[in-house]
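Geometric and topological summary
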Amino acid sequence: MNEIKVAVLGSEGVGKSALIVRFLTRRFIGEYASSSECIYRKRLSVDGKPINLQLYDPCSQAYEGRSTVNEQIQWAHGFIVVYDISDRSSFLTAKAIVHLIRELRLGTGKRNVDSLIFLVGNKQDLCHMREVRREEAQCLAAECRCQFYELSAAEHHQEVALVFFKMVQNANVGSKAKERRRRPSGSMAKLINNVFGKRRKSV
Ligand SMILES: Nc1nc2c(ncn2[C@@H]2O[C@H](COP(=O)(O)OP(=O)(O)OP(=O)(O)O)[C@@H](O)[C@H]2O)c(=O)[nH]1
């Protein structure tokens, strides 16, 4: 069964746990007691195929700089980078994380990251306290070639679910493509067989 690993990153209090819990349970739970990192697991069906999804939530460890994100980047197939639209500093942290992911992914040779970073502005219900303009976030997303969403874990279930499903779909397509690159294609396998198989017989 295909394993898809997604890290949900961002600074403290932006709503990482709220988004994950909203996706997993459809509910918004105001406060979360957890103070240590955790991995949530869920079985999904994508295009009729079963998928084991793992979601990494760093909890209060939040963004602890380059070395922590480096480890998370090695682990994850995809990244949901969250900021709070009413907190400018959380946007700057999200920006730093997105840049770091791109830089480190290129460094590890895992180049195909374009569809696997989502920038998510959470707490859209607090738009009267907005500190990050939507256009600014869209610009960052375009510059870093990632997908952009603005939503509210508190108010939107469908939008939140869509973001997670889209990420799983993209990661799944990426892992299938990787698998195909590893294995020779059907026609290539036939060709290899024809050439080398026949030669072996005639020796
Ligand atoms: N108004 C509003 N509050 C939200 C939303 N999402 C989360 N919150 C609140 O923001 C606070 C932090 O949410 P968490 O989900 O714990 O944030 P986190 O990023 O996981 O925080 P850490 O685990 O400390 O890193 C809580 O009080 C949530 O109720 C939202 O969409 N709107």
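Above this text you will find the structure in question.
What this report covers is the structure whose coordinates are included nearby. The structure displayed is predicted, hence computed values, not measured ones. (Residues numbered from 1 in each chain as written. Predicted model: local features only at pLDDT ≥ 70, side-chain atom pairs only at ≥ 80, totals over all residues. Heavy atoms only, no water.)

1. What about the overall build of the protein chain?
Going by this rule: Helix and strand assignments follow DSSP, with helices taken as H or I runs no shorter than four residues and strands as E runs no shorter than two, numbered in order from the N terminus. Here's how the labels work: a residue is buried when its accessible area is under 20% of the maximum for its type, exposed when over 50%, partly exposed in between, all with a 1.4 Å probe on protein chains only. In what follows, residue pairs with any heavy atoms lying within 4.5 Å of each other are defined as contacts.
In terms of regular secondary structure, the protein chain is built from 6 helices and 6 strands. Starting at the N terminus, the α and β elements of the protein chain follow one another as β-α-β-β-α-β-α-β-α-β-α-α. Burial status across the protein chain gives 44% buried among its 203 residues. Of all intrachain contacts in the protein chain linking residues separated by at least 6 positions in sequence, the fraction that spans at least 24 positions is 73%.

2. Section: the site of the ligand
The condition is simple: Here a residue is considered near a molecule or strand provided that any single heavy atom belonging to it is located within 4 Å of it. N or O atoms closer than or at 3.5 Å make up a polar contact, with two conditions inside protein: a donor-capable atom paired with an acceptor-capable one, and, for residues adjacent in sequence, both atoms drawn from side chains. The accessible surface values rely on the Shrake-Rupley method and a 1.4 Å probe; as for residues, cover is taken only from the protein chains in view. Asp, Glu, Lys and Arg are counted as charged, while Ala, Val, Leu, Ile, Met, Phe, Trp, Tyr, Cys and Pro are counted as nonpolar; the rest, among them Gly, fall into the polar class.
The ligand sits among 21 residues. The nearest are K16, G30, E31, C59 and D125. Within the backbone of G15, one N or O atom sits 3.0 Å away from an oxygen atom of the ligand. In this structure, an oxygen atom belonging to the ligand sits 3.0 Å away from a main-chain N or O atom of A153. If the ligand stood free it would expose 650 Å²; the protein chains cover 84% of that surface. Top contributing element to the shell around the ligand by residue count: helix α1 (residues 16-25), with 3 residues. Residue composition of the shell around the ligand, grouped by class: 8 nonpolar, 8 polar and 5 charged.

3. Remarks on the pattern of salt bridges
Under the convention used in this document: Any carboxyl oxygen of Asp or Glu within 4 Å of a side-chain nitrogen of Lys or Arg constitutes a salt bridge here.
Taken as a whole, this structure holds 5 salt bridges when the rule is applied. E150 is paired through a salt bridge with R130; the nearest N and O atoms lie 2.8 Å apart. You can see E150 sitting in strand β6 (residues 147-150) and its partner R130 sitting in the loop between β5 (117-122) and α4 (134-143), a full 20 residues away along the chain. Across the salt bridge formed by E135 and R133, the nearest N and O atoms sit 3.4 Å from each other. E135 gets classed as partly exposed once you look at its relative accessible area, which sits at 43%.

4. A few points about the sheet that holds strand β1 (residues 2-9)
In plain terms, the rule: Being paired, for any two strands, means DSSP has found at least two bridges between them. The axes used here are C-alpha line fits, helices contributing only the stretch in contact, and every angle between their N-to-C directions lies in the interval 0 to 180 degrees.
What the 6 strands build is an open sheet, ordered β2-β3-β1-β4-β5-β6; its pairing is mixed. The two strands at the open ends of the sheet, each matched to only one other strand, are β2 (38-46) and β6. If you compare each strand with its neighbour and ignore which way they point, the axes differ by 20° on average. Summarising the sheet, β5 and β6 pair through 4 bridges and their orientation is parallel. Paired with F118 across the strands is Q147, a residue of β6. Lying on the sheet, α4 is in contact with β4 (78-84), β5 and β6; it crosses β6 at an angle near 160°.

Bear in mind that shape data such as this cannot, by itself, settle questions of function.
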